[in-house]
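One-letter residues, chain by chain:
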Amino acid sequence: MLLTTLVSALLWWQPAAAAKAPLAPADLRQGRGYADPCKLYGAVYLERDPRRRGFCSATVYVEQQEAFANLVVYQEANKLFADKPGLWYITDARDFADYSVLVTDNRSFADFGIFYTKVRSFAGCRKD
């Protein structure tokens, strides 16, 4: 019984250095988390409700011109072909999406801007 108590105590106790702190919202806005536009590809769910902002990977603004966008997005018809940055398969189900993205009407609330293109080869990330 003493041995099981010691083993459980050792498993419970973890050094503070081994525990990782979660990313703060400021880290996500600076491109250290999912908010980096070059990391978003695959199945994406477009969230419109601002109350669910905390559950989204990033907040985006749809630009009217390509020159101001950080990411040029091409909408794939098949999820398997959405394998590079800027290639998105827009899904209707939040549960089947790789990323959930909040679309906002206010540019100042967005992490970055996107522009939809009709040409697949134009899609991609623009590094600043």
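What you see is a predicted model; the values in this text were computed from it and never measured.

(A) Spotlight on the pattern of salt bridges. Summed over all chains, the structure comprises five salt bridges. Glu-47 serves as the salt-bridge partner of Arg-94, at 3.1 Å between the closest nitrogen and oxygen. Residue Arg-94 is found in the loop between strand S4 (87–90) and strand S5 (99–104), and its partner Glu-47 is found in strand S1 (residues 42–47); the two are separated by 47 residues along the sequence. A relative accessible area of 36% places Arg-94 in the partly exposed class. Classification of Glu-47 by relative accessible area gives buried; the value is 4%. Residue Arg-51 is joined to Asp-49 by a salt bridge in which the shortest nitrogen-to-oxygen separation is 3.2 Å. Asp-49 sits in the partly exposed class, given a relative accessible area of 23%. Connected through shared salt-bridge partners, Glu-47, Arg-52 and Arg-94 make up one network.

(B) Local environment of the pairing of S4. The pairing of S1 with S4 spans three bridges and is classified as parallel. Within the sheet, the bridge partner assigned to Ala-43 lies in S4 and is Tyr-89. Here two bridges tie strand S3 (residues 71–75) to S4, and the two strands are oriented parallel to one another. In the sheet register, Gln-75 faces S4, and the bridge partner there is Trp-88.

(C) How the structure looks around the nonpolar core. Formed by 13 residues in total, the largest nonpolar core has its most connected members in Leu-40, Trp-88, Phe-112 and Ile-114. Mapped onto this core, the elements with two or more residues apiece are S1, strand S2 (58–62), S3, S5 and strand S6 (112–117). Among the elements that line this core, the one with the most residues is S5, at three residues.

(D) Quick look at the pairing of S6. With five of six residues buried, S6 is to be regarded as a mostly interior element. Relative to S6, S2 is paired through three bridges, and the arrangement is parallel. Bridging across to S6, Val-60 finds its partner in Phe-112. In the sheet, S3 pairs with S6 via four bridges, with the strands oriented parallel. In the strand pairing of S6, Leu-71 is matched with Ile-114.

Calculation rules
Residues numbered from 1 in each chain as written. Predicted model: local features only at pLDDT ≥ 70, side-chain atom pairs only at ≥ 80, totals over all residues. Heavy atoms only, no water. Salt bridge = Lys/Arg side-chain N within 4 Å of Asp/Glu carboxyl O. Helix = DSSP H or I, 4+ residues; strand = E, 2+ residues; numbered from the N terminus. Buried < 20%, exposed > 50% of the residue type's maximum accessible area, 1.4 Å probe, protein only. Pairing = 2+ DSSP bridges. Core = buried A, V, L, I, M, F, W, Y, C linked by side-chain atoms within 4.5 Å.

None of this, on its own, says anything about what the molecule does.
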